Structures are given as C-alpha cells and as structure tokens.
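# Results of the structural survey
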Amino acid sequence: MSYQCPLCHTPLGQQNNFWRCINNHQFDCAKEGYVNLMPVQHKHSKQPGDSTEMMQARRAFLDAGHYQPLQHEVAAILDRVLPVTAENLLDIGCGEGYYTAAVADRVQKARPVQVFGLDVAKVAIRYAARRYQQINFCVASSHRLPFADRSLDAVLRIYAPCKAQELARTVKPLGYLLTVAPAPRHLFQLKQEIYQEVQLHPEADEKLEVFTVLETQTLSYEMQLTGLQALDLLQMTPFAWRASEATRQRLGEMSEFRCETDFVIRLHQRQPD
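Each chain has its residues counted from 1, running along the sequence as written. The model is predicted, so local features are restricted to residues of pLDDT at least 70 and side-chain atom pairs to those at 80 or more, both for listing and for counting; the totals for chains, interfaces and linings are taken over all residues. Each side-chain value is derived from all of the structure's non-hydrogen atoms; neither hydrogens nor water enter the calculation.

### Concerning helix 7 (residues 227-235)
Relative accessibility thresholds used throughout: buried, under 20% of the residue-type maximum; exposed, over 50%; partly exposed, between the two (1.4 Å probe, protein chains only). Strands are runs of DSSP state E lasting at least 2 residues, helices are runs of H or I lasting at least 4, and numbering of each runs from the N terminus. When we look at burial in helix 7, the residues that qualify are Gly 227, Ala 230, Leu 233 and Leu 234. All buried residues of helix 7 fall inside an arc of 110° around its axis, so they share one side. Picture the helix axis, draw a direction to every C-beta atom, and the arc is the one those directions span.

What follows is the structure in structure tokens.
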C-alpha cells in the first residue's frame, strides 16, 4: 500500500530516498527509514507531540514491562479478528512503537499484513524506526491520515485523538477499530500524589459514526514500582505538568509505589455500505 500525499491527497510513490506524488510534492525518507508526512503548514507548534523527555520516560517504563498485559491483550484481539486476507493495519499515535511491534509480531505470523505506525512526534518515530525496522513508520497528523479511502483492515488507537470522519474514511467496510482509553480508576494513586481532590476518569461510551461496538472489556491490575519507575510513569502522563518539585522528590525517594491500572478496551467494526 502506498501513502497518500497530505497536500493534494493523491498516491505517493517511493523513488530511492523520497516519496513523490503526481503533483511533484516530495517527502524525504530519513536515514532511519521513516517518512515525514507532516507539512509545516499543518503544524501547530515547532515540535508537535511528546517531548524527548516524555518519550525517554515512556520508553524506560514500557521496556520494564509494566504495561505488558495491555500489549499482549491488544495483539491477541487483533490476531483473533483479522482475516487471513488482511493487508494493512495502522497504529495511530504509536509513539516509540511498543504496541506496534508486538501487534506486528503476532498478526504477521498468519497473514501477509503490512503494519504502519503513525505519530506526530518526530523524536518518537525516529526511535521507533531505528528499533523496529519491519514496520512502516511515518510522522503525520492523526487528523489527516495519509492513507487512501477504505485502505485499512484495522486501526489500533491507544489514547490517541483522531477525527471520527478520518476513521470512517480510511477503514474498509467490515474492518476493525480497536481503542484503549483510561477507565475510572486508572493511575488513581499517582493522581493522589498530585491533586488534593482526585476525580475518577469519566466513563465515556464513545460513539463513532459508521462503527458498531462489538466488544467492551476492562483490564485492571496493580503495579509495584520503584520510586524511579514512578517518576518515569509521572513523566509520561499529562499529570507531569501539575506535579510540584516536592511531589517529584517524594516519589523518587519511595522504595515502593503501588498504583492501579484501569483500561477500557473496545473493539469496533465498520458497518458495511
């Protein structure tokens, strides 16, 4: 499958170290192997997405295996539902590729599916492409997916925002969308360290146009972290902006920090035309 030009929406063809469309819009391949499909006029900041510090913290935390149950579950679900004829799968907001790589390893054993990872943060995609060379990575906006209409057999979306219209446009009829969002008590104890009054995550039942929810499940377990691991967890979340230096010091000095995970996983299927 080819990428689609983010400027004129025509197919891109790869020539040596760049991608080009019929209107001569050109996008260079980085030495790590990914392609940057984020035109400067589509950026809302100089370096959109997660910072280097957030990416490094998330990489350390994930590599330690604390979210491995979630990684295994999403890979197993996609492997169960994808037909053997599936051709293309996209991980939206893939970050440094932790879930993308596990999904690819699982689903490609039974089908010749191409796996794509997309994120707005170039620093994360650079690391992902360097580490997982069997996956097609691109820097692009999740609100302007660089893929043709009805070209994706499945999309994985963990926390990442994306326009419902783009999902409806790019997923094939009867294709799948697998979403992961925080359930009410996700990281409750971490929030207790930061906020005087802790609010539970709202139980939002997401309704997506032309998609039907086939399955909903929760995945919850307790993590036992060191103080340094708790700091990595804090740094990779939006809560980091609200944490004081005293909170960071207190977390870092803990010999053990117990914290709940609470995920809600939903499998959606695109309705036929």
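### Concerning the environment of Leu 78
Relative to the assigned elements, Leu 78 resides in helix 2 (residues 68-81). For Leu 78, a relative accessible area of 0% translates into the label buried. Considering only alpha carbons, one finds Leu 78 and Ala 104, 26 residues apart in sequence, at a separation of 9.9 Å. If we ignore the near neighbours within four places in the chain, the residues touching Leu 78 are Leu 89, Val 103, Val 107, Ala 154, Leu 156 and Leu 178. Contacts: residue pairs with any heavy atoms within 4.5 Å of one another.

### With respect to the pattern of salt bridges
In what follows, salt bridge is the name for a side-chain nitrogen of Lys or Arg lying within 4 Å of a carboxyl oxygen of Asp or Glu. Overall, the coordinates contain 17 salt bridges when judged by the stated rule. The salt bridge partner of Arg 80 is Glu 215, with a shortest N-O separation of 3.0 Å. Residue Arg 80 is found in helix 2, and its partner Glu 215 is found in strand 10 (residues 211-225); the two are separated by 135 residues along the sequence. Exposure remark for Glu 215: the relative accessible area of 27% places this residue in the partly exposed category. Ionic pairing is found between Asp 273 and Arg 150, a salt bridge with its closest N-O pair at 2.5 Å. Here the residue Asp 273 occupies a position in the segment after strand 11 (257-270), and Arg 150 occupies one in the loop between strand 7 (136-139) and strand 8 (152-158), the gap between them amounting to 123 residues.

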